[in-house]
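Spelled out from the first residue to the last, the chains are:
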Amino acid sequence: MGKLKIHVDQDKCQGHARCKSLAPELFELDEFGNAHEVGDGTVPEGLEDKAWLAQTNCPEIAIEVTEE
Amino acid sequence: MSDTDRVLPEHPPVTDWVHDFDHTDPRWTENPFPIWDELRAVSPVVHTDRFLGCYLPTTYEAVKQIAYDTEHFSSRRVVVRDERPEVQRNAAPPITSDPPEHKPAKQLLLPPFTPDAMKKLEPRVRAICNELIDEFIAAGRCDAAARYAKYIPVRAIAHMLGIPESDSDLFIHWIHQILELGIKDERQLKQAVEEMTAYFAGHIEARKAKPTDDLISTLMQAKDKTGQPLDDSHVLGSLRLLLIAGIDTTWSAIGSSLWHLARTPADRERLVREPGLMPTAVEELLRAYSPVTMAREVMKETSIAGCPIKAGKMVLLSFPAANRDPAVFPDADKVVIDRKENRHAAFGLGIHRCVGSNLARMEMTVALEEWLKRIPEFRLDPAGKVTWSEGTVRGPRQLPVLFGKQA
């Protein structure tokens, strides 16, 4: 299994901030409270479950998780 | 009082929910969940001739489609009423705004409501909760809605706006006139809006002489996209929105959560034992007892989930009904406080996502934490009666509880 990578679609994100609360290591919020992935979105080992949790809780389905 | 300011007659009781639903019917007010289940089993969208014609999407998918479709559905009217008075410009931006005006109006309000900003407010909210508990804990009982849940959001938003927390009862009175009585009584609605506008206008004038560091000043200093200050009607509209939206929504969410915990000892004991569950529990309580239903006005004919939708009618955009859709939430009718996947829509979907969602979550969390710390055991008072609000924000208005273990 390869590494996971996350990406927040900026057109879809509405700033619910569920991802930041579930996986603060993987997401950051801007001054308006909208989310984006930390760095290039590569999920460090051990945080895979948090990445999936954030994805399955985003009300706008704005988070894409891909496997490299 | 003009000729149009009428108090409308009471509605006849509903006998056919599928073709003639009414969200102000006492049965809906008391317990809407089986009604939504009945309607959802028949159609993803139902219609009533009441309220001059109104649709209700019953599934998550139908609610979502409407929430995302700002072309066919306008936010210029956000409450379903018996009449359609003239649309007021800057009624309550951005909740009453459509694109393209919506985004700049909303962006002004987002920075003061980020999770980080809410962390700074949290100590004041904890103090408010404890001040309230101090007032009734010795009695061994209280009305948890009227003495506790009701005052937490109103004091918190007053603190943020920079208006006296001691005016809370006045604000609550206006909200009752606007969101409950105003559905049928135009005069009460207008009176409350006028009083609220005059109140804020006074605070704006005071800040012109002596600037302060609060949300009213933030709005007064905000610039629109052309670099000009917002006109007074916009500032006043947004202030009305913050006060209206900031109060009985979260009051209802806290009240429903305490109602659930009062009658579900297993969940209450588990939360006391495992406080780390609070974040998922709050999300689940938000899903199961979502307080807020919004409205839209149909601007152009379209179809939703195969159902034709005609222009000129209203839509009751029920996020609570979406959150009970078993196609999206397994065991949708059960409260599962450690539910992992919970893509609930309690704060709306799409561009009108509640600007105060981070505030509401913080208030709910703090209100439940402080209550459970000091009153870990409580139950409904069998001698009392729980009553629920009428209208489109749902929550207990009377919630009599007894403290301590059952004798």
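Above: the structure in question.
Every value quoted in this text rests on a predicted model; they were computed, and no experiment measured them.

A. Looking closely at the sheet that holds strand E5 (residues 293–298) of chain B. Residue and element names in this part refer to chain B. Spatial ordering of the open sheet is given by E1-E2-E8-E5-E3, a layout of five strands whose pairing is mixed. If you trace the sheet from one side to the other, it starts and ends with strand E1 (45–48) and strand E3 (73–74), each paired once. As judged from the two bridges shared by E3 and E5, these two strands associate in the antiparallel manner. What sits directly across from Ser-74, in E5, is Glu-297. In this fold helix H4 (residues 60–68) packs onto E1, strand E2 (54–57), E3, E5 and strand E8 (314–318), with an angle of close to 120° to the strand it touches most, E8.

B. Main features of the state of the cysteines. Applying the stated criterion across every chain yields a total of zero disulfides over all chains. The thiol of A:Cys19 is not disulfide-bonded; the next cysteine sulfur, from A:Cys13, is found 6.4 Å away. By relative accessible area, A:Cys19 is classed as buried at 7%. No disulfide involves B:Cys354; its sulfur sits 15 Å from that of A:Cys13, the nearest cysteine.

C. Spotlight on helix H6 (residues 115–136) of chain B. Residue and element names in this part refer to chain B. In this model, H6 (22 residues) spans 31 Å end to end at C-alpha, consistent with the 32 Å of a helix rising 1.5 Å per residue. Taken as a whole, H6 has its buried residues at Met-118, Leu-121, Val-125, Ile-128, Cys-129, Asn-130, Leu-132, Ile-133 and Phe-136. Contacts from the buried residues of H6 go to strand E4 (141–143), helix H7 (144–149), helix H8 (151–161), helix H16 (357–374) and strand E12 (400–403).

D. Main features of the nonpolar core. All names here are of chain B. Formed by 106 residues in total, the largest nonpolar core has its most connected members in Tyr-148, Leu-161, Phe-200, Leu-243, Trp-371 and Phe-378. It is helix H12 (residues 232–263) that provides the largest number of residues to this core, a total of 14 residues. Once residues lying within four places of it in the same chain are set aside, the contact partners of Leu-243 are Ile-157, Leu-161, Ile-163, Phe-171, Trp-174, Ile-175, Met-196 and Phe-200. Grouped together as the second largest cluster of nonpolar side chains are 23 residues, Tyr-60, Val-292, Val-298 and Cys-307 included.

E. Quick peek at the side chain of B:Arg397. Residue and element names in this part refer to chain B. Looking at the element boundaries, Arg-397 is found in strand E11 (residues 396–398). Here Ser-252 takes part through its side chain, which lies 3.4 Å from a polar atom of the side chain of Arg-397. If near-sequence neighbours (up to four positions away) are discounted, Arg-397 is found in contact with Asp-143, Ala-145, Ala-146, Glu-180, Asp-248, Trp-251, Ser-252, Thr-387, Trp-388 and Ser-389.

F. Region of the structure containing the interface of chain A and chain B. Taken together, the 18 residues of chain A in the interface contact 21 residues of chain B. Counting the surface lost from both chain A and chain B, the interface buries some 1,700 Å², and carbon and sulfur atoms represent 48% of this. Of all residues in chain A, A:His16, A:Arg18 and A:Phe32 give up the largest surface area on contact with chain B, accounting jointly for 33% of the area buried on that side. Scanning the region where chain A abuts chain B turns up one salt bridge. One salt bridge connects B:Glu283 with A:Arg18, and the closest N-O pair in it is separated by 3.6 Å.

Here is what the cut-offs are and how they apply
Residues numbered from 1 in each chain as written. Chains lettered and ligands numbered in written order. Predicted model: local features only at pLDDT ≥ 70, side-chain atom pairs only at ≥ 80, totals over all residues. Heavy atoms only, no water. Pairing = 2+ DSSP bridges. Helix = DSSP H or I, 4+ residues; strand = E, 2+ residues; numbered from the N terminus. Contact = heavy atoms within 4.5 Å. Axes fitted to C-alpha atoms, helices over the stretch in contact; angles between N-to-C directions. Disulfide = S-S within 2.5 Å. Buried < 20%, exposed > 50% of the residue type's maximum accessible area, 1.4 Å probe, protein only. Expected span 1.5 Å × (residues − 1). Core = buried A, V, L, I, M, F, W, Y, C linked by side-chain atoms within 4.5 Å. Polar contact = N/O pair within 3.5 Å; in protein donor to acceptor, adjacent residues only side chain to side chain. Buried area = accessible area lost by both parts, 1.4 Å probe. Salt bridge = Lys/Arg side-chain N within 4 Å of Asp/Glu carboxyl O.

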